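# Inside the fold
Listed here are the chains, written in short residue letters.
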Amino acid sequence: QQSPFADLDEIRQRQLEREIGSLLILMCASRAREGLDVQPALAWVEEAERCLGTASPVVRLQKADLFARQGRKAEAKSLREQTKTLTLDSAEDMYLLAHRATIRQEFDKAEPLLRRAILKNPKSYWTWFLLGICSDAQGEDRDAIAAYSTCIALDPTFFGAYFNRGLAFLRDREFSFAQSDFTQVLKRKPNDTKALINRALAWQGVGKYDEAIQDLSQALQQGASTRVYFMRCRARQRNKDSRGAKLDFTRGMRQEPTDEQGWLARGLARIQKNPQGALDDFDQALKLNPRSRAALSNKAYVLTDFLKKPEQAIEVLTQQYRLYPTYAQALSGRGVL
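So, here's what we can say about the structure. Small disclaimer: the values here were computed from a predicted structure and weren't measured. (Residues numbered from 1 in each chain as written. Predicted model: local features only at pLDDT ≥ 70, side-chain atom pairs only at ≥ 80, totals over all residues. Heavy atoms only, no water.)

Our focus in this paragraph is the overall build of the protein chain. Along its length, the protein chain carries 20 helices and zero strands. With the principal axes as the frame, the protein chain shows a C-alpha extent of 70 × 45 × 35 Å. Within the protein chain, the proportion of its 337 residues that are buried is 47%. Of all intrachain contacts in the protein chain linking residues separated by at least 6 positions in sequence, the fraction that spans at least 24 positions is 49%. If you sum the accessible surface of the protein chain, you get close to 17,800 Å²; carbon and sulfur atoms cover 50% of it. Each charge class in the protein chain can be summarised by its mean position, and for the 52 positive and 42 negative side chains these summaries are 5 Å apart. (Helix = DSSP H or I, 4+ residues; strand = E, 2+ residues; numbered from the N terminus. Buried < 20%, exposed > 50% of the residue type's maximum accessible area, 1.4 Å probe, protein only. Contact = heavy atoms within 4.5 Å. Areas by Shrake-Rupley, 256 points an atom, 1.4 Å probe, with all protein chains shown as cover. Lys, Arg positive; Asp, Glu negative; His and termini not counted. Charge placed at Lys NZ, Arg CZ, Asp CG, Glu CD.)

Our next topic: the packing of aromatic side chains. Taken as a whole and judged by the stated rule, the model has twelve aromatic pairs. A connected cluster of aromatic rings, assembled from ring pairs, spans Y125, W126, F129, Y148, F158 and F159. The ring centre of F67 lies 3.8 Å from the NZ or CZ of R72, which sits over that ring. Its guanidinium or amino end placed over the ring of Y327, R293 lies 4.5 Å from that ring's centre, counting from NZ or CZ. (Phe/Tyr/Trp six-rings, centres within 6.5 Å; stacked < 30°, edge-to-face > 60°. Lys NZ or Arg CZ within 6 Å of the ring centre and 35° of its normal.)

Further remarks concern the pattern of salt bridges. Overall, the coordinates contain 26 salt bridges when judged by the stated rule. A salt bridge links K189 to D192, with the shortest nitrogen-to-oxygen separation between them at 3.2 Å. For K189, a relative accessible area of 32% corresponds to the partly exposed category. One network of salt bridges, in which partners are shared, links R232, R236, D241, D248 and R251. (Salt bridge = Lys/Arg side-chain N within 4 Å of Asp/Glu carboxyl O.)

What follows covers helix α12 (residues 193-205). End to end, α12 covers 19 Å across 13 residues, agreeing with the expected 18 Å (1.5 Å per residue, within 8%). Here α12 has its buried residues at A195, L196, I197, N198, R199, A200, A202, W203 and Q204. Elements in contact with the buried residues of α12: α10 (159-171), α11 (175-188), α13 (209-221) and α14 (227-238). Looking at the residues trailing α12, positive phi occurs at G207, about 80°. (Expected span 1.5 Å × (residues − 1).)

Dropping the structure here:
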């Protein structure tokens, strides 16, 4: 009813309504995932229905999820059955269904929905961004890089696309491109600890160990986790600073890791002298994230090269291939074994 909306033409008014409806659905999904009271979310989903229309399958599925949370199972089942007869034809609904599938880690279902949505609206930043996330999760690094590059072309101001593309470049061993992306993140978010840590990995990849040590030292000053000591330990080893490397290793071992990246870092730090301990660390990382591509790769590596258990390594690489069927290294490594 206010003039900024009323002054828009009818087509743009409708577009804005659908965007608001999408935002309301995302708010509902977020509240449900956090385990909060669903009553406000029910009010949001009613507003979303006014924006997206009663024929929106996403609205009914979201309402069904909320009803199920309240124990209204019969109503939830009825709404889910109704969605099977609805036509999926709007880019917003396709995006929201893909978002729903992504939350459930059903990336193979999300990706085709996103590609259909892009055909209808090729300039949708968040559709391209979510496509990049799905490609990441399936080990399709080149596709992820392409998706995030499109995001940057659409809006070069948001740091998130640079950060995610930088991670994909790191995995693809394109270290100079990764370094450039994390530098772009730091221009937009000065002193961002995660960007400093990942840029340090990129610096190491191009053999610039002084720069890597500087970034890691700054990250530690900003309160980075214990794993950064192990990362700086490796950088100092490669920079011929054995005394500093030993000191960092000792500091890192004083505390037990608390996250996936911490377990990975400690495993890599002690793989040479304690391969069984490194294997235990990689297993701890997999407990926190059973889809961790890095943990599976490192586990296969330690089983093959240090513990001489190729049969077990084959099982690990088979698991990795099932999770990431387009990840060529899993197939090539298994083929060698």
